Amino acid sequence: MLVELSAKQKFLTLSGITAVAMAASLAIGQRLIPQTLLTGLFFYLISGDRPSTVYASVRSLPRDLRTAVIFLKLNLSLYRYERAGATVVQIFESVVARHPQKAAFLMDNRQLTFGEVKQLVDRVAAHFYAKGFRKGDTIALLMETRLEYPCIWLGLSKIGIVTALINSNLRKETLRHSIAVANSKAIIVSTELAGAIAEIYEQDGIKGLPVYRFRSADDEDGTTNSDPLPDAEDLRLSADGGGSSVDLSAIPNDISPKDKLVYIYTSGTTGMPKAAVITNLRYTFMALGCYYMLSFRDDDIIYNSLPLYHSAGGMIGVGSVVLCGLTAALRKKFSASNFWTDCIRHKCTVAQYIGEICRFVLMTPPKATDTQHSVRLMFGNGLRPQIWPQFVSRFNIAQIGEFYGSTEGNSNLLNIDNTMGAVGFVPNFAKAIYPVTLIRCDEETGEVIRGGNGFCIKCKPGEPGVFVGKINPKKALNSFVGYADKAASEKKVLHDVFRTGDIYFNSGDILVQDLLGNYYFKDRTGDTFRWRGENVATSEVEGVITTIVGLKDCAVYGVDIPEIEGKAGMAAVVDPEGKVDMEQLAAGIRASLPPYARPLFIRVLSEVPMTTTFKLKKRELQVDGYDLGKVKDPIYYLQSNGTYRLFTPEDHESIRSGKARL
């Protein structure tokens with residue numbers, strides 16, 4: 001990833017600056033010649049490795065100049081909105097005023113125009129204000145993807161209610177925790193998920209909360225004796241094509257850009273899901289950031305098959321509609337075989353992905369529709385470099401906008417120039433405005449390494465390190481609001497990083513940077529790993545398995561699968577007496593964990609590899625993985641029906657060769 005310079009390149013570096021200056025003078029005007037020369041000279045004088053630094057600066061100058069212009073536009077927009085005190089819903093209403101009849105959301109054979117979305121937003125606001133909910137309250141939303149999903153949280157935000165966007169895959173204790181940790185005052189649930197709420201309704205933190213069951217025109221009317229929530233109040237919403245209006249005169253206009261908008265959940269590094277605080281300002285920054293940096297067009301139609309409780313699908317994908325006036329085509333559940341068919345059907349020009357989506361689509365048999373679509377840009381995160389070239393070649397994608405960032409963090413990157421494998425870049429000139437960097441750490445433990453002076457050590461190009469971003473509460477770009485749980489927020493903050501008193505957000509991820517400023521993802525620190533586009537907290541899975549089998553020791557960790565983004569779950573269970581009932585364990589896992597969190601492999605240990613602090617040596621287990629050449633213990637392999645069977649050498653070869661369908 002480093003830029004290697006030959007003697008000739010080093011000799012001609014300063015000549016390159018002159019060439020760039022000449023090109024700039026032709027394109028922009030002669031006044032920039034002195035500035036360009038001075039910039040090049042400045043980099044030359046301050047750099048320790050002067051020829052390398054100057055060469056890199058010259059080579060990346062066209063990209064960096066373009067970025068500077070876009071970055072200026074983005075910051076001016078954010079400044080105007082913040083100065084005007086504009087919230088997300090207020091910006092949305094200005095979009096509606098420009099084109100009320102334009103399609104906002106498409107799904108299957110239905111659509112909602114911007115005017116119809118506003119009607120639903122107003123009705124939600126009026127309904128819940130009349131029920132006595134007020135600014136600062138939290139309402140949990142458990143719903144699969146529907147056209148009305150964004151309308152509900154937008155409507156609640158109009159009266160200052162914070163919506164907790166609950167992962168629709170969660171069940172039992174994890175679901176209960178997610179609702180309770182946000183201090184929810186009520187629950188909105190769609191009909192198909194009512195049973196999940198019924199399972200936990202008598203538990204602490206949930207019992208007694210009002211439940212509103214959302215029903216659309218597609219849902220069955222009435223209730224039956226088997227209704228899991230017979231006491232829930234029906235919430236019926238429909239747009240009437242621009243007819244009746246709602247009286248909102250009693251609702252105070254006291255919401256500010258820095259007020260909370262929604263909670264989006266992330267597993268974090270340990271424990272149960274954490275409710276990341278998304279303010280109006282942060283939502284605006286994330287949505288506008290992609291709009292400007294990826295050069296979206298006002299007539300773009302985005303294909304969004306991601307769940308709307310995600311930051312990618314619900315904040316960036318939906319945000320482009322709500323704040324920028326684009327159209328989004330939604331899908332209830334991702335389908336690889338229908339991906340391009342949907343894009344063609346809805347005339348999409350942009351599509352979102354996570355790494356697994358790209359792999360699944362690439363695995364489908366070649367079809368004529370592979371290149372009959374109009375998608376010019378795909379953006380998302382997790383596209384592995386190993387499949388990047390095949391994907392763009394087969395499906396004729398002109399641009400990939402790979403991005404990096406966490407839901408709650410202040411350190412986000414975006415690849416806007418198609419650099420293969422890169423998750424983004426930060427130009428040298430932008431370090432003062434956007435202070436992110438890599439610091440040295442112990443790659444095994446993720447612990448930050450400090451120098452003799454007590455401060456952290458910046459990584460050199462090519463040296464892996466933890467990605468961190470300086471926190472400045474006064475700027476939308478650099479703020480860190482954290483989680484609903486303040487104690488959890490503090491765990492993500494580093495103090496006294498480069499000087500006494502400074503504070504940085506710790507991403508917990510290990511990245512590498514090259515001389516051109518491009519960043520490449522390397523690994524995650526801590527115990528969390530990502531699978532099927534979801535973060536899996538190992539301590540949560542360990543707790544479930546330990547409860548099921550009644551054993552004291554269990555370790556869960558992620559293992560690499562060839563050509564697949566993320567890590568698959570593997571559990572090591574200590575059972576020297578051979579008492580584990582695999583059928584019972586499988587049944588318990590199915591009942592307690594969502595599909596993405598279920599371990600793909602279970603290793604039954606006959607011995608207990610302990611550290612001196614009486615903990616399982618997880619690192620050694622992770623290195624062994626599922627390699628039958630190293631592991632003599634029995635390994636069980638998850639089947640499509642949720643059961644486990646013995647893992648065989650044939651299974652290992654199928655996975656190693658990339659032929660296994662996981």
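Residues numbered from 1 in each chain as written. Predicted model: local features only at pLDDT ≥ 70, side-chain atom pairs only at ≥ 80, totals over all residues. Heavy atoms only, no water.

*Asks:* Can you walk me through the sheet that holds strand β25 (residues 567–574) in this structure?
*Replies:* Paired through their backbone hydrogen bonds, the strands of a sheet run either parallel or antiparallel. The strand order β24-β25-β26-β27-β28 describes an open sheet built from 5 strands, whose pairing is mixed. Each edge of the open sheet is held by one strand with a lone partner, namely β24 (554–560) and β28 (644–646). Across this sheet, the average inter-strand angle for adjacent strands is 30°, counted without regard to direction. Across 5 bridges, the pairing between β25 and strand β26 (residues 601–605) is parallel. Among the inter-strand pairings, Val573 is bridged to a residue of β26, identified as Val604. (Pairing = 2+ DSSP bridges. Helix = DSSP H or I, 4+ residues; strand = E, 2+ residues; numbered from the N terminus. Axes fitted to C-alpha atoms, helices over the stretch in contact; angles between N-to-C directions.)

*Asks:* Is there a simple way to think about the pattern of salt bridges in this case?
*Replies:* Oppositely charged side chains can pair when the atoms bearing their charge come close. Taken as a whole and judged by the stated rule, the model has 25 salt bridges. Among the ionic pairs, Arg146 bridges to Glu192, the shortest N-O distance being 2.8 Å. Of this pair, Arg146 sits in the loop between β3 (138–142) and α8 (149–157) while Glu192 sits in the loop between β5 (186–190) and α10 (194–200), and the two are 46 residues apart along the sequence. Assessed through its relative accessible area of 11%, Arg146 is described here as buried. For Glu192, a relative accessible area of 32% corresponds to the partly exposed category. Of the charged contacts in the structure, one is a salt bridge between Arg440 and Glu463, with a shortest N-O distance of 2.8 Å. (Salt bridge = Lys/Arg side-chain N within 4 Å of Asp/Glu carboxyl O. Buried < 20%, exposed > 50% of the residue type's maximum accessible area, 1.4 Å probe, protein only.)

*Asks:* How should the sheet that holds strand β6 (residues 211–215) be read in this particular structure?
*Replies:* Spatially, 7 strands are ordered β7-β6-β5-β3-β4-β8-β9 in an open sheet, and the strand pairing comes out mixed. Single-partner strands in this sheet number two, and they are β7 (233–236) and β9 (274–279). Within this sheet the neighbouring strands show an average axis-to-axis angle of 25°, counted without direction. Against the sheet, helix α7 (residues 114–130) makes contact with β3, β5, β6 and β7, and its axis sits at roughly 155° relative to β7, the strand it touches most. (Contact = heavy atoms within 4.5 Å.)

*Asks:* Sorry, what's going on with the side chain of Glu148 here?
*Replies:* You can see Glu148 is positioned in the loop between β3 and α8. A relative accessible area of 3% means that Glu148 is categorised as buried. When near neighbours in sequence (up to four residues on either side) are disregarded, Glu148 contacts Arg110, Leu120, Phe214 and Ser216.

*Asks:* How do you make sense of the packing of helix α17 (residues 538–549) against helix α18 (residues 582–592) when you look at a structure like this?
*Replies:* If you want to describe how two helices pack, look at the angle between their axes and the distance between the axes. Where α17 contacts α18, the axes come no closer than 10 Å and their chain directions differ by 140°. Comparing the axis directions of α17 and α18 gives the class oblique. Of the two elements, α17 crosses α18, and the hand of that crossing is right-handed. For the pair α17 and α18, the contacting residues are Val544, Ile545, Ile548 and Val549 in the first and Gln584, Leu585, Gly588, Ile589 and Ser592 in the second. (Parallel < 35°, antiparallel > 145°, perpendicular 65-115°, else oblique. Left-handed = near helix turned anticlockwise from the far one by under 90°.)

*Asks:* Would you mind going over the pairing of β6 with me for this structure?
*Replies:* Successive residues of a regular strand alternate their side chains across the two faces of the sheet. The buried fraction of β6 amounts to 5 of the 5 residues, a majority that puts the element mostly inside the structure. Burial of β6 is two-sided: the residues Val211, Arg213 and Arg215 facing one way and the residues Tyr212 and Phe214 facing the other way are all buried. Both β5 and β6 contribute to a ladder of 4 bridges, which runs parallel. Paired with Ser190 across the strands is Phe214, a residue of β6.

*Asks:* I keep staring at the state of the cysteines and nothing clicks. Help me out?
*Replies:* Working definition: the covalent bond between the sulfur atoms of two cysteines is a disulfide. Taken as a whole and judged by the stated rule, the model has 0 disulfides. Cys324 provides the cysteine sulfur closest to Cys290, a residue in no disulfide bond, and the two sulfurs are 9.6 Å apart. The cysteine Cys459 is free of any disulfide, with Cys441 supplying the nearest cysteine sulfur at 7.1 Å. (Disulfide = S-S within 2.5 Å.)

*Asks:* What is the right way to look at the packing of aromatic side chains in this model?
*Replies:* Describing an aromatic ring pair means giving the distance of the ring centres and the angle of the ring planes. As enumerated under the stated definition, the model contains 23 aromatic pairs in all. Aromatic pair Phe128 and Phe133: ring centres 5.8 Å apart, planes at 55°, arrangement tilted. For Phe133, a relative accessible area of 7% gives the class buried. Look at Trp340 and Phe395: their rings are 5.1 Å apart centre to centre, the planes differ by 35°, and that puts the pair in the tilted class. A residue pair is termed long-range when its members are at least 10 positions apart, and Trp340 in helix α13 (residues 339–345) and Phe395 in helix α15 (residues 388–395) qualify at 55 residues. Across the pair, Phe395 and Trp340 agree in class, each one buried. Taken together, the aromatic side chains of Tyr303, Phe334, Phe339, Trp340, Phe360, Phe391 and Phe395 make up a single cluster linked through ring pairs. (Phe/Tyr/Trp six-rings, centres within 6.5 Å; stacked < 30°, edge-to-face > 60°.)

Everything listed is a geometric property; what it means functionally is a separate question.
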